[in-house]
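Okay, here's what each chain looks like letter by letter:
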Amino acid sequence: CKEVTYREAQPAGVAALKEIPPALRGIYQTYDRQSGETGDTLIIESWGYHFKDKEDQDWLGRGVLSDTLVVKFYQNYYFVNFKDGDQWVLRLIRQKTPGVFEFLSIDIQDDSKRRETLRKLSRKMEVKEIEKGDDTFYQISPTPNQLVTLIKEGYFTGVELRKMK
């Protein structure tokens, strides 16, 4: 696994939400805009989330708001922070239209894309490479304004979530 990570939940200095807001709660289907395929089902509740696969099996994972799952709201984005050891992994959720959200991350799984993305990031801020077993983390510490700039410059990409209920 290769992931851009953070030293602390993002954006730094913004208070965490105590529960998932009603606007985000619901049952969503992932939708890949490029392939047109639908995927797993994401159920968001006041306490956290859980996934179901295409066979309706609830084994893909869940998260409960805690000191290892922190959600923040800033500049019209929900920042979903997952703690992995001493690293924070970040996903963004942004509402596009009623019932349609974008689920975004900095995707660095592809080798050539990773090199280019990390090269661009390192021009803006320090990128610290941390290896743990088979995982490689690329830790950055942006200010809230730098983080919003990364979003606006297209570093975060992903899939659509379409509300089903």
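Scroll up to find the structure.
Description of the structure in this document. (Residues numbered from 1 in each chain as written. Predicted model: local features only at pLDDT ≥ 70, side-chain atom pairs only at ≥ 80, totals over all residues. Heavy atoms only, no water.)

**Examining the side chain of E3**
Here E3 lies in strand β1 (residues 2-6). In contact with E3, other than residues within four places in its own chain, are V89, R91, I108, T136, F137 and Y138. (Helix = DSSP H or I, 4+ residues; strand = E, 2+ residues; numbered from the N terminus. Contact = heavy atoms within 4.5 Å.)

**Quick word on the pairing of strand β2 (residues 26-31)**
Most of β2 sits out of view: five of its six residues are buried. Bridge count for β2 against strand β3 (residues 38-45) is five bridges, and the pairing is antiparallel. Of the residues in β3, the one forming a bridge with Q29 is T41. Pairing between β2 and strand β12 (residues 157-163): four bridges, direction antiparallel. Across the sheet, residue Y28 finds its bridge partner in β12, namely K163. (Buried < 20%, exposed > 50% of the residue type's maximum accessible area, 1.4 Å probe, protein only. Pairing = 2+ DSSP bridges.)

**Quick look at helix α1 (residues 111-124)**
The terminal C-alpha atoms of α1 lie 20 Å apart, and with 14 residues this matches the ideal 20 Å at 1.5 Å per residue to within 8%. Buried-residue contacts for α1 involve β1, β11 (135-140) and α2 (144-152). (Expected span 1.5 Å × (residues − 1).)

**Topic: the pattern of salt bridges**
The full count for this structure, using the stated rule, is ten salt bridges. Taken together, the shared-partner salt bridges in this structure form one network comprising K96, E160 and R162. (Salt bridge = Lys/Arg side-chain N within 4 Å of Asp/Glu carboxyl O.)

**Quick look at the nonpolar core**
Side chains of a nonpolar character, in soluble globular proteins, are inclined to be buried together. With 25 residues, the main nonpolar core has Y6, F79, L92 and F156 as its most contacted residues. Broken down by secondary-structure element, the contributors of at least two residues to this core are β1, β6 (69-74), β7 (77-84), β8 (87-97), α1, β11 and α2. For this core, the element with the most residues is α2, which contributes four residues. Each residue touching L92, except ones within four places of it in the same chain, is listed here: Y77, Y78, F79, E102, F103, L104, I151 and F156. Judged by nonpolar contacts, the second largest core, of 14 residues, contains I20, V71, V80 and F101. (Core = buried A, V, L, I, M, F, W, Y, C linked by side-chain atoms within 4.5 Å.)

**Quick word on the pairing of β8**
Direction of pairing for β1 relative to β8: antiparallel, over a ladder of two bridges. Within β8, the residue paired with Y6 across the bridge is W88. Alignment of β7 against β8, held across seven bridges, turns out to be antiparallel. Looking at β8, one finds that V80 is bridged to R91. Once β7 ends, the chain turns through two residues before running back antiparallel as β8, passing G85 with a positive phi of about 70°. Bridge count between β8 and strand β9 (residues 100-105): five bridges; the pairing is antiparallel. Note that in β9 the partner of T97 across the bridge is V100. Hairpin connection between β8 and β9: a loop of two residues separates the two successive antiparallel strands, and G99 in this loop has a positive phi of roughly 85°.

**A closer look at the environment of N145**
Turning to its location among the elements, N145 is positioned in helix α2. By relative accessible area, N145 is classed as exposed at 56%. Residues N145 and R94, 51 residues apart in the sequence, show an inter-C-alpha distance of 17 Å.

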